[in-house]
There are 2 protein chains.
Amino acid sequence: MQNEEIGQVRRFNRVVTQRVGALQDSYLSRGRPLGEARLIFEAGLSESVDVSSLRQRLGLDSGYLSRLLRSLEGQGVVEVRRKAADGRARQVHLTQKGRGEFETYNVLSDQLAASLLSPLQPAQRTRLVAAMAEVERLLRASTVEIAVEPADSADARWCLEQYYAELTERFEAGFDPLLGNTFHAAEMTPPAGWFVLARLDGVPIGCGALKALDADSGEIKRVWTAPEARGMGVASRLMDRLEALGREAGFKILQLDTNKALSEAHALYRKRGYREIGRYNDNPYAHHWFEKAL
Amino acid sequence: MQNEEIGQVRRFNRVVTQRVGALQDSYLSRGRPLGEARLIFEAGLSESVDVSSLRQRLGLDSGYLSRLLRSLEGQGVVEVRRKAADGRARQVHLTQKGRGEFETYNVLSDQLAASLLSPLQPAQRTRLVAAMAEVERLLRASTVEIAVEPADSADARWCLEQYYAELTERFEAGFDPLLGNTFHAAEMTPPAGWFVLARLDGVPIGCGALKALDADSGEIKRVWTAPEARGMGVASRLMDRLEALGREAGFKILQLDTNKALSEAHALYRKRGYREIGRYNDNPYAHHWFEKAL
DNA sequence: AAAAATACCTGACTAAAGTCAGGTAATGCA
DNA sequence: TGCATTACCTGACTTTAGTCAGGTATTTTT
């Protein structure tokens, strides 16, 4: 990484935290401590929130949050009720007054955003918004975490279900997981194989698997990215990790198959140095077979 | 301004303050209150700083800053000495230990920046850095403030001097302010005329003037942007303001002259709807004359 | 030379933010 | 059924941040 890049990131950090951060705080606290304001904002995002979820999202101490909630209850902006499904847990709702406050914060946030744009000329404004979208997307991309996980965890299963559902929709002939060269959790468990999961803010957004074929070769399967996370390079990073695992396992060759409907996947494999080979398995859904020497 | 733009700015604000802001704080406070850390950082930027300048830059209360300095003195990271030139004022120096702390913060800042970039692929990284540069530049542009000010203030004179110096350098024949259709402060003082100044973070970075020629027409002069602030649309905004002042004053027509060396200025005038006319004054440095109906 | 202004300091506050050690009620599990 | 766990609460703190009213030394102005 060049010094120049680092320097640019640091300048960016400085300017943005000053302009946006400081403005944001002053706009949004409006006579109420920032902690309370943030709480109203979080609570307003949905009909009701569990206290535990607030605690996690805002990173607050249990006692501290409790006190904040008591204060907001005193102001009549929230109600805290015990949860029907679990009597220990409690849920936070905004009262009508709270809804009003939430809307006010929303209007202020809009004004804050507008105050950043309004001094600019239309062309500059368009460029700023586009650059912000790019920064946002790539910053989010840079916080995607990829880790080897058990293939039978709830998150792993969720990803695989999404993946199958997408294949069913996209394949001409539909997709039946039982026919399609399925592999089971055991085959994705070291040392028979590996399952990697990509998460954004803790939420699974992609997966991939590597299965040992023999001592020298492995097969890559089930590489999937959630639609909302596409264009962030997640699949590439999953492949990076899977290939690294293959290298560690001593494989000389990685193989994979794919359906003709998955054109983005073809492009990705080609770009990463996979070359098309003849059929090496009897997967009824496969139209193309690739391999790459590690 | 469209809702879509506002929404994008708000998403950007949220993502950036979360990622950058939170990381920054945790990285940079390292066991020391953030206020003290910021102080060390500011003090380290130069050999020595006046307390008053720190107070201004960090926006701190005099008593509060004083206490922070005592605390840092106690930790042995700064020395506060009276200033030779003015016995009331005091100067802050980092001790050797303080220098070490400063360097540590620098390294941490670099690491923080690197941690945002490192998960990305080279192409993404390049795009992120470019987008950050764009956002930084345009956000800075959006905080430029333009105001009508007295033409004989220190900042106004500074701008005009810079402007003259640049003309001297760029004009084939050099430039002598006494010959060049000079106008004096009185002519830029309402209602005879107006002087507008552009500031970025309080520092003057551009100026412009409008002078009444008669009841129906005015002349725009001395539109200048500091080299480091170019490409931010400052000149356009100065022109906007000057034309608005002209409209308020009831002028029907604005005129201006310019030297052939100032090609960017020509482009700007043409883009804003000025059309070239014949010589209307005897400015020896002018090669082109323009006017625009308001 | 006296008066006014300045630059900083000290003391005495307050509010906000955060921490930690118990405590209570509800739930899950053996 | 009883014991461990959980989800949250309360009380008793500390730290950080910030404000404000004087006070002292120095410089500038008159």
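Residues numbered from 1 in each chain as written. Chains lettered and ligands numbered in written order. Predicted model: local features only at pLDDT ≥ 70, side-chain atom pairs only at ≥ 80, totals over all residues. Heavy atoms only, no water.

With an unreviewed UniProt entry as reference, chain A is termed Transcriptional regulator, MarR family with acetyltransferase activity, source organism Neomesorhizobium albiziae.

Remarks on the nonpolar core
Rules: To form a nonpolar core, buried Ala, Val, Leu, Ile, Met, Phe, Trp, Tyr and Cys residues must be joined to one another through side-chain atoms within 4.5 Å. Each residue is assigned to one of three classes by its accessible area relative to the maximum for its type, calculated with a 1.4 Å probe on protein chains only: buried under 20%, partly exposed between the two thresholds, exposed over 50%. Contact definition: two residues touch when any of their heavy atoms are within 4.5 Å.
Counting 126 residues, the largest nonpolar core has Val135 of chain A together with Val135 of chain B as the members making the most contacts within it. Val135 of chain B has contacts with Phe12, Val16, Leu128, Ala131, Met132 and Val135 of chain A together with Phe12 of chain B, leaving out every residue within four places of it along the chain.

Description of the interface of chain B and chain A
Many authors give the size of an interface as the accessible area that is lost as the parts come together. The criterion, for reference: Defined here as a combined quantity, buried area equals the accessible surface (1.4 Å probe) lost by two parts on assembly, summed across both. When a carboxyl oxygen of Asp or Glu lies within 4 Å of a side-chain nitrogen of Lys or Arg, that pair is called a salt bridge.
Every contact between the two is made by 54 residues of chain B and, on the other side, 54 residues of chain A. In total, chain B and chain A occlude about 5300 Å² of area from one another, counting both sides; carbon and sulfur atoms represent 65% of this. The three residues of chain B that bury the most area against chain A are Arg10, Arg19 and Leu139 of chain B, which together make up 12% of that side's buried surface. At the junction of chain B with chain A, the criterion picks out eight salt bridges.

Quick look at the packing of helix α2 (residues 34-44) of chain B against helix α4 (residues 62-74) of chain B
Residues and elements named next belong to chain B. Our working rule: Every axis in this analysis is a line fitted to C-alpha atoms, fitted for helices over the stretch in contact. Angles between the N-to-C directions lie between 0 and 180 degrees. Working definition: helices are DSSP H or I runs of at least four residues, strands are E runs of at least two. Numbering for both runs from the N terminus. The labels follow the angle: roughly parallel below 35 degrees, roughly antiparallel above 145, roughly perpendicular from 65 to 115, and oblique for the rest. Each residue is assigned to one of three groups, with Ala, Val, Leu, Ile, Met, Phe, Trp, Tyr, Cys and Pro labelled nonpolar, Asp, Glu, Lys and Arg labelled charged, and all others, Gly among them, labelled polar.
Between α2 and α4, whose axes approach to 10 Å, the crossing angle comes to 80°. As judged from the angle between their axes, α2 and α4 are roughly perpendicular. Residues Glu36, Leu39 and Ile40 of α2 pack against Leu65, Leu68, Leu69, Ser71 and Leu72 of α4. Split by residue class, the contact of α2 with α4 holds six nonpolar, one polar and one charged.

Some thoughts on helix α1 (residues 3-29) of chain B
For an α-helix, the turn length of 3.6 residues means that residues three or four places apart are oriented alike. Residue and element names in this part refer to chain B. Note the cut-off: Expected helix span is computed as 1.5 Å times (number of residues minus one). The angle between axes fitted to the seven residues ending at a residue and the seven residues starting there is what we call the bend at that residue.
With 27 residues, α1 should reach 39 Å at 1.5 Å per residue; the first-to-last C-alpha distance of 37 Å fits that figure. In the structure, α1 departs most strongly from a straight axis at Thr17, where the bend amounts to approximately 30°. Arg30 sits one or two residues past α1 and shows a positive phi near 25°.

So, the pairing of strand β7 (residues 217-225) of chain B
Residue and element names in this part refer to chain B. As a reminder of what qualifies: By the convention used here, strands pair only if DSSP detects at least 2 bridges between them. By the criterion used throughout, a crossover qualifies as right-handed when its path from the first strand across the helix to the second strand runs clockwise, the strands pointing away from the viewer.
Extensive coverage of β7 is indicated by the burial of nine of its nine residues. Here strand β6 (residues 203-212) runs beside β7; their pairing, made up of six bridges, is antiparallel. Of the residues in β7, the one forming a bridge with Gly206 is Thr225. Linking β6 to β7, which pair antiparallel, is a turn of four residues. Of the strand pairs in this sheet, β7 and strand β8 (residues 253-258) are connected by three bridges, and their pairing is parallel. By the bridge assignment for β8, Gly218 is matched with Leu254. Regarding topology, helix α8 (residues 234-248) serves as the crossover connection from β7 to the parallel β8, and that connection is right-handed.

Brief notes about the sheet that holds strand β8 (residues 253-258) of chain A
Residue and element names in this part refer to chain A. Across the sheet, seven strands lie side by side as β4-β5-β6-β7-β8-β10-β9; this open sheet has mixed pairing. Each end of this open sheet is capped by a strand with a single partner; those strands are β4 (145-148) and β9 (275-277). Mean inter-strand twist for the sheet, computed between neighbouring axes without regard to direction, equals 30°.

Thoughts on the protein's contact with DNA strand D
The condition is simple: One heavy atom suffices: a residue is near a molecule or strand as soon as one of its heavy atoms comes within 4 Å of it. Polar contacts, as used here, are pairs of N or O atoms within 3.5 Å; protein pairs need one atom able to donate a hydrogen and one able to accept it. Residues neighboring in sequence count only if both atoms are side-chain atoms.
Within the structure, DNA strand D sits among 21 residues, and Arg67 and Arg90 of chain A together with Arg82, Gly87 and Arg88 of chain B are positioned closest to it. Backbone atoms, meaning sugar plus phosphate, form 68% of the atoms of DNA strand D positioned within 4 Å of the protein. In the environment of DNA strand D, a base oxygen lies 2.7 Å from a nitrogen or oxygen atom belonging to the side chain of Arg67 of chain A. For DNA strand D, a phosphate oxygen lies 3.4 Å from a polar atom in the backbone of Gly35 of chain B. For the surface near DNA strand D, the secondary structure elements donating two or more residues are α3 (51-58) and α4 (62-74) of chain A together with α2 and α4 of chain B. Ranked by residues supplied to the surface near DNA strand D, first place goes to α4 of chain A with five residues. Each residue belonging to the surface near DNA strand D can be placed in one class, and the counts come to five nonpolar, six polar and 10 charged.

With respect to the packing of α3 of chain A against α4 of chain A
Residues and elements named next belong to chain A. Operational definition: A crossing counts as left-handed when the near helix is turned anticlockwise from the far one by less than a right angle, and as right-handed when that turn is clockwise.
Taken N-terminus to C-terminus, the directions of α3 and α4 make an angle of 115°; their axes are 10 Å apart at the nearest point. In terms of orientation, α3 lies roughly perpendicular with respect to α4. Seen from above, α3 lies across α4 with right-handed handedness. Contacts between α3 and α4 pair Val51, Leu54 and Arg55 from the former with Ser62, Leu65 and Leu69 from the latter. Tallied by class, residues from the contact of α3 with α4 come to four nonpolar, one polar and one charged.

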